[in-house]
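Fold and geometry: a report
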Amino acid sequence: MMVYSGSKLIDLFPELRLSPNEMAAGEYLCEVSTFVPENIDNPGEYLSLLLNSLYLLTGRKVKNLDFRIIKLVFEIAFLQLSGLMPDPDSCSSCDKEPLYWHFDEGFICERCALKLSPDSLHFIDKSMFAAIKHIMTARGVKRYAFKMNEKSLNSLIDFSEEYMKYKLEADLKSLHVYRNLVSRK
Ligand SMILES: [Zn+2]
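Residues numbered from 1 in each chain as written. Predicted model: local features only at pLDDT ≥ 70, side-chain atom pairs only at ≥ 80, totals over all residues.

Across its full length, the chain carries eight helices and three strands. The helix and strand sequence of the chain, counted from the amino end, reads α-α-α-α-β-β-α-β-α-α-α. In terms of overall dimensions, the chain is globule-like: its C-alpha atoms have a radius of gyration of 17 Å, near the 16 Å expected for 185 residues. Residue pairs at least 24 apart in sequence account for 56% of intrachain contacts in the chain once pairs closer than 6 positions are excluded. (Helix = DSSP H or I, 4+ residues; strand = E, 2+ residues; numbered from the N terminus. Rg over C-alpha atoms; globule rule 2.2 N^0.38 Å. Contact = placed C-beta atoms within 7 Å.)

A few words on the nonpolar core. By size, the foremost hydrophobic cluster in this structure holds 41 residues, and its most contacted members are Ala25, Ile70 and Val73. For this core, the secondary structure elements donating two or more residues are α2 (20-33), α3 (43-58), α4 (67-81), β1 (100-102), β2 (106-108), α6 (126-137), α7 (150-168) and α8 (173-181). Counting residues per element, this core draws most heavily on α4, which supplies nine residues. (Core = buried A, V, L, I, M, F, W, Y, C linked by C-beta atoms within 7 Å. Buried ≥ 20, exposed ≤ 12 C-beta atoms within 10 Å, placed from the backbone.)

Attention now goes to the sheet that holds strand β3 (residues 121-123). Strand pairing in a sheet is mediated by backbone hydrogen bonds. Such pairs are either parallel or antiparallel. In spatial order, the strands read β2-β1-β3; together these three strands make up an open sheet with antiparallel pairing. Every other strand in the sheet has two partners, leaving β2 and β3 as the edge strands with one partner each. Each neighbouring strand pair of the sheet contributes to a mean axis angle of 35°, computed without reference to strand direction. Of the pairings in the sheet, the one linking β1 to β3 comprises three bridges and is antiparallel in character. Bridge pairing in β3 links tryptophan 101 to histidine 122. (Pairing = 2+ DSSP bridges. Axes fitted to C-alpha atoms, helices over the stretch in contact; angles between N-to-C directions.)

With that out of the way, let us pick up unusual backbone geometry. With phi around 75°, aspartate 95 is a residue other than glycine that occupies positive phi space. Assignment of secondary structure puts aspartate 95 in the loop between α4 and β1. A tally of 11 C-beta atoms within 10 Å means that aspartate 95 is categorised as exposed.

In structure tokens form, the structure reads like this:
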């Protein structure tokens, strides 16, 4: 693995050992980071994303920041760095306002979605689009400062996890552990 060679998560961030949810999220971020391709131009950006996210999970920098938000921001930022995050501003086929996330086609409007299998379309409401755009453009701790209702947050968390697995073509073991631990309301 490129950005996580040798050291153990608990050695770097001892607080995580006391917080099962944060620890499980941290292990997942580390496993995702093993998929950073070799010979890229910007390994430092992936490394700082990982280390900043782990640091935030410890709660040392910002108190009471929801670990689910830290994980979600990491996923979208990681996918964006990897060039895998579609443009959320307009439909990938016709430039109209998008309504769905299609994992191959990107964000798709209602009309263009008619040509695609309904099973492959994930409905994205306005607050979810706003959160995605915010994460993709904000920097620093501001990136974590957005609010949405639980239902929309849980949907976005689901889609983000599924999209990550789909794009990495990986069955992430740490994600199974995380999902077993963190129940959805
Ligand atoms: Zn369209």
